[in-house]
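Notes for the structure review
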Amino acid sequence: MTTTEDLTTSLRTILEKYDTSRDNLIPLLQDIQEHLDYLAPEAVSLVAEHLDLSENDVYGVATFYAQFRFHPPGRHRIKICQGTACHVRGGGMVLDAISRKIGIVPGETTPDGNISLERVACFGSCALPPVMVVDDTVYGRMTPRKSEKLIEDLE
């Protein structure tokens, strides 16, 4: 387990790679999220201090972009495409089926930390709608039943 001191030390190592220009805010947040898998409150505080911004300024930018997470993701990350092709071919039904199956809505993680569910605008796999990605594996032509079976195999 990482202690607060370890976390601060690793974040300061990342911060040292960037000068204090406000232009570094997004690259810094991306780098920290890549390191931690999310933006911890301690990270936001350290970034604000490093760039001489308020924490509200940092949160204001980070919450504008969907790429930033403020909670640790689950061990398995499920992403459901809701682009036009996937929507037309039942992506919403797949998303609803998974949401019911694991008891969370998009943007949440199951209480046991096993699964995170995300709605994605488009994966660019429009020949395989509806598409779902589990961790780094793409599954095409999903149905609610196929998606539920896939979830059962994860649990």
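See the structure shown above.
A brief report on the enclosed structure follows. As the structure is a computational prediction, the values presented were derived from the model and not from experiment.

Once that is clear, we can look at the nonpolar core. Across soluble globular proteins, nonpolar side chains show a tendency to be buried alongside one another. Within the largest apolar cluster, 24 residues are counted, with the highest numbers of intra-cluster contacts made by Ile32 and Val47. For this core, the secondary structure elements donating two or more residues are helix H1 (4-15), helix H2 (25-36), helix H3 (41-51) and helix H4 (55-64). With six residues, the single largest contributor to this core is H3. If near-sequence neighbours (up to four positions away) are discounted, Val47 is found in contact with Leu15, Leu25, Leu28, Leu29, Ile32 and Val58. One finds Ile102, Leu117, Met132 and Leu150 within the second-largest nonpolar core, a separate group that totals 14 residues.

Contact geometry of H1 with H3 gives a least axis separation of 10 Å together with a crossing angle of 40°. Taken together, the axis directions place H1 and H3 in an arrangement best described as oblique. By crossing handedness, the relation of H1 to H3 is classed as right-handed. Across the interface between the two elements, Leu7, Thr8, Leu11, Arg12 and Leu15 of H1 pack against Glu42, Ala43, Leu46, Val47, Glu49 and His50 of H3. Of the residues assigned to the contact of H1 with H3, the class counts are six nonpolar, two polar and three charged.

Thresholds applied
Residues numbered from 1 in each chain as written. Predicted model: local features only at pLDDT ≥ 70, side-chain atom pairs only at ≥ 80, totals over all residues. Heavy atoms only, no water. Core = buried A, V, L, I, M, F, W, Y, C linked by side-chain atoms within 4.5 Å. Buried < 20%, exposed > 50% of the residue type's maximum accessible area, 1.4 Å probe, protein only. Helix = DSSP H or I, 4+ residues; strand = E, 2+ residues; numbered from the N terminus. Contact = heavy atoms within 4.5 Å. Axes fitted to C-alpha atoms, helices over the stretch in contact; angles between N-to-C directions. Parallel < 35°, antiparallel > 145°, perpendicular 65-115°, else oblique. Left-handed = near helix turned anticlockwise from the far one by under 90°. Nonpolar A, V, L, I, M, F, W, Y, C, P; charged D, E, K, R; others polar.

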